Amino acid sequence: MADDLKRRVEDVRGSLVSWRRELHKKPELGFEEHETAALVAGRLRELKLVVETGVAKTGVVGVLQAAQAARPPVLLRADMDALPIDEAPGRPYRSEVPGRMHACGHDGHMAMLLGAAEVLTGAREHLDRDVVFCFQPGEEGFGGADAMIKAGVLSKHGVGEVYGLHLWSLFPVGTVQIRPGPAMAAQDEFVATVIGKAGHGAMPHEAVDPVLAAAQAIVALQSIVARSVDPVQPAVVSVGAVRAGTAANVIPESATMHGTLRSFDPGIRELLRRRVREVLEGTASAAGCRCEFTLYPGYPAVINEAASVERVRRHATAVVGASNVVEPAPMAAAEDFAYFLNERPGAFAFIGAGNVSRGITAPHHSPSFDIDESALPIGTELLVRIALGE
Ligand SMILES: [Zn+2]
Ligand SMILES: [Zn+2]
């Protein structure tokens, strides 16, 4: 089977490229992936899988039943949404929808997973577990993974392990990159409004100045990373927006700060959330103000299970060779596959999709983003090997 596998993947190479381009031309935003879902579901039905649509609004789940299941199903995941970006002109398969673009590679993720479904359907007699093909909506800030889990994609099928891939244009094509433990950051945002008492700028003793209190709070916030966080743990506290006042000689009623928190360790994440609130409220209170604080929780950190990473490494070595299986540094970007990894063992790997000699170097979420399509069969073969999971 193993020798035969490369040929079977090679047989779908042309389909991978045409599915990817077809999807690329018709990008849809998170939880609006109606045509996308129809295309995916249609293809899975052609393969005679058990298909469920409208999962968490626009999600699609296909189940390939093993001839004889000896262990719990494995879930393989692709995300389906595009971004509100106008694609740069020049490519024959450019987005046909103004202001919408597959600028993160999710079109390729769907193509790779459809390819894996086709190859695995043809290799069904070698499967010893069912395979759940999970096409989730809304990765780009909508938490579609969380919605799919709440809709029962893991519990209903009794999923035992979860795997996801991300094409990555900043990694060279031909490589597979994966690291055990924390791989991508948790992200939270906060809004804090310091409320004092408005007054004349020349008579500060008659007012309570929220601008001074906010300024002191912003400085004090940086002491959290310096003094509360273990120095060998990465953490970021950034205040990106500050709004207060209307005129030089008026002390305003309030000052508002909008910030972001990044971390990799769940304990550090909790610590940042707690200390940011304490520092803001304490500093405001010391200045005679009060503080209204709201935390907007983002995605948790992507934390890969060590044994699953070892399995992926072994399979990736069979696909691209040991020297092309690389351990990347943790990334401060966030990814909602984290929700799946909070529920089940598994791993999230990057498939290199950049190619300097072909000018494919634009970062994700750029209007010039593209992938080297020779990454697609690499991803498909890796998914197939994971599912067969020898
Ligand atoms: Zn993205
Ligand atoms: Zn993405």
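Procedures and definitions
- Residues numbered from 1 in each chain as written.
- Chains lettered and ligands numbered in written order.
- Predicted model: local features only at pLDDT ≥ 70, side-chain atom pairs only at ≥ 80, totals over all residues.
- Heavy atoms only, no water.
- Helix = DSSP H or I, 4+ residues; strand = E, 2+ residues; numbered from the N terminus.
- Buried < 20%, exposed > 50% of the residue type's maximum accessible area, 1.4 Å probe, protein only.
- Contact = heavy atoms within 4.5 Å.
- Areas by Shrake-Rupley, 256 points an atom, 1.4 Å probe, with all protein chains shown as cover.
- Donors = N, O, S within 2.8 Å, 3.2 Å for Na, K, Ca; no water.
- Axes fitted to C-alpha atoms, helices over the stretch in contact; angles between N-to-C directions.
- Parallel < 35°, antiparallel > 145°, perpendicular 65-115°, else oblique.
- Left-handed = near helix turned anticlockwise from the far one by under 90°.
- Nonpolar A, V, L, I, M, F, W, Y, C, P; charged D, E, K, R; others polar.
- Polar contact = N/O pair within 3.5 Å; in protein donor to acceptor, adjacent residues only side chain to side chain.
- Pairing = 2+ DSSP bridges.
- Phe/Tyr/Trp six-rings, centres within 6.5 Å; stacked < 30°, edge-to-face > 60°.

A. Quick peek at the overall build of the protein chain. In terms of helices and strands, the protein chain carries nine helices and 16 strands. Considering the protein chain as a whole, with its 390 residues, one finds that 54% of them fall into the buried category. A separation threshold of at least 6 residues defines the contact pool for the protein chain, and within that pool the share at least 24 residues apart is 81%. As displayed, the protein chain offers around 16,000 Å² of accessible surface, 53% of which is attributable to carbon and sulfur atoms.

B. Geometry of the environment of Pro377. For Pro377, the position within the fold is in helix α9 (residues 375-388). On a C-alpha basis, the gap between Pro377 and Asp11 in space is 9.7 Å, while along the polypeptide they are 366 residues apart. Here Pro377 is in contact with Val9, Arg13 and Leu16, once residues within four sequence places are set aside.

C. Molecular detail of the coordination of the zinc ion (ligand 2). Around the zinc ion (ligand 2), the donor atoms from the protein are Cys104 (SG), His106 (NE2) and His166 (NE2), and they sit 2.2 to 2.5 Å away. Between consecutive donor residues of the zinc ion (ligand 2), the sequence gaps follow C-x1-H-x59-H.

D. Local environment of the coordination of the zinc ion (ligand 1). With distances of 2.0 to 2.8 Å, the protein atoms coordinating the zinc ion (ligand 1) are Cys104 (SG), Glu140 (OE), Glu140 (OE) and His365 (NE2). Here the zinc ion (ligand 1) and the zinc ion (ligand 2) are spaced 3.2 Å apart, linked through Cys104, which binds each one. With Glu140 in the loop between β4 (131-136) and α4 (144-150) and His365 in the loop between β16 (346-354) and α9, this residue pair connects regions lying 225 residues apart in the sequence. Note on Glu140: relative accessible area 16%, which makes it buried. By relative accessible area, His365 is classed as partly exposed at 39%.

E. Examining the packing of helix α7 (residues 306-320) against α9 more closely. Closest axis-to-axis distance for the α7/α9 pair is 9 Å, and the angle between their directions is 135 degrees. Here α7 is positioned oblique relative to α9, judged by the angle of their axes. When you trace α7 past α9, the crossing you get is right-handed. Contacts from Val312, His315, Ala316, Ala318, Val319 and Val320 in α7 reach Ile378, Glu381, Leu382, Arg385 and Ile386 in α9. Taken together, the residues of the contact of α7 with α9 break down into eight nonpolar, one polar and two charged.

F. Here's a closer look at the side chain of Asp336. Inspection of the secondary structure assignment puts Asp336 in the loop between β15 (325-326) and α8 (337-343). For Asp336, a relative accessible area of 0% translates into the label buried. Only 3.1 Å separates the side chain of Asp336 from the side chain of Gln136, close enough to count as a polar contact. Beyond its immediate sequence surroundings of up to four residues, Asp336 is in contact with Arg77, Gln136, Gly138, Glu139, Gly143, Gly144, Ala145 and Tyr299.

G. View of the sheet that holds strand β12 (residues 254-263). Ordered by their spatial adjacency, four strands build an open sheet running β10-β12-β8-β13, and the pairing between neighbours is antiparallel. Two strands lie at the open edges of the sheet, namely β10 (235-244) and β13 (290-297), each paired on one side alone. Along the sheet, successive strands turn relative to each other by an average axial angle of 20 degrees, direction set aside. Where strand β8 (residues 186-195) lies against β13, eight bridges are found, and the strand directions are antiparallel. Within β13, the residue paired with Glu189 across the bridge is Tyr296. Of the strands in this sheet, β8, β10 and β12 touch helix α5 (residues 210-228), which is tilted by about 170 degrees from β10.

H. Structural context of the packing of aromatic side chains. Scanning the model with the defined rule gives nine aromatic pairs in all. Plain terms: the ring middles of Trp168 and Phe350 are 5.1 Å apart, the flat faces sit at 70 degrees to each other, and that makes the pair edge-to-face. Within this pair, whereas Trp168 is found in strand β5 (residues 161-172), its partner Phe350 is found in strand β16, the two being separated by 182 residues in sequence. Given the relative accessible area of 11%, Trp168 is considered buried. According to the relative accessible area criterion, Phe350 is buried, its value standing at 3%. By way of ring pairs, the aromatic residues Trp168, Phe171, Phe337, Phe340, Phe348 and Phe350 are connected into one cluster.

I. Representation of the packing of helix α2 (residues 34-46) against helix α3 (residues 106-122) within the structure. Where α2 meets α3, the axes come as close as 10 Å, and the angle between the chain directions of the two elements is 15 degrees. By the angle class used here, α2 and α3 are roughly parallel. Pair α2 / α3 crosses with right-handed handedness. Residues Thr36, Leu39, Val40, Arg43 and Leu44 of α2 pack against Met110, Leu114, Ala117 and Glu118 of α3. Residue composition of the contact of α2 with α3, grouped by class: six nonpolar, one polar and two charged.

J. Here's a closer look at the sheet that holds β5. Within the open sheet, the eight strands sit side by side as β1-β2-β4-β3-β5-β16-β6-β15. Their pairing is mixed. Each end of this open sheet is capped by a strand with a single partner; those strands are β1 (50-55) and β15. Examined bridge by bridge, β1 and strand β2 (residues 59-64) share five bridges and lie antiparallel to one another. The residue bridging Val51 from the neighbouring strand is Gly62, located in β2. Set on the sheet, α3 makes contact with β2, β3 (74-79), β4 and β5; between it and β4 the angle comes to about 160 degrees.

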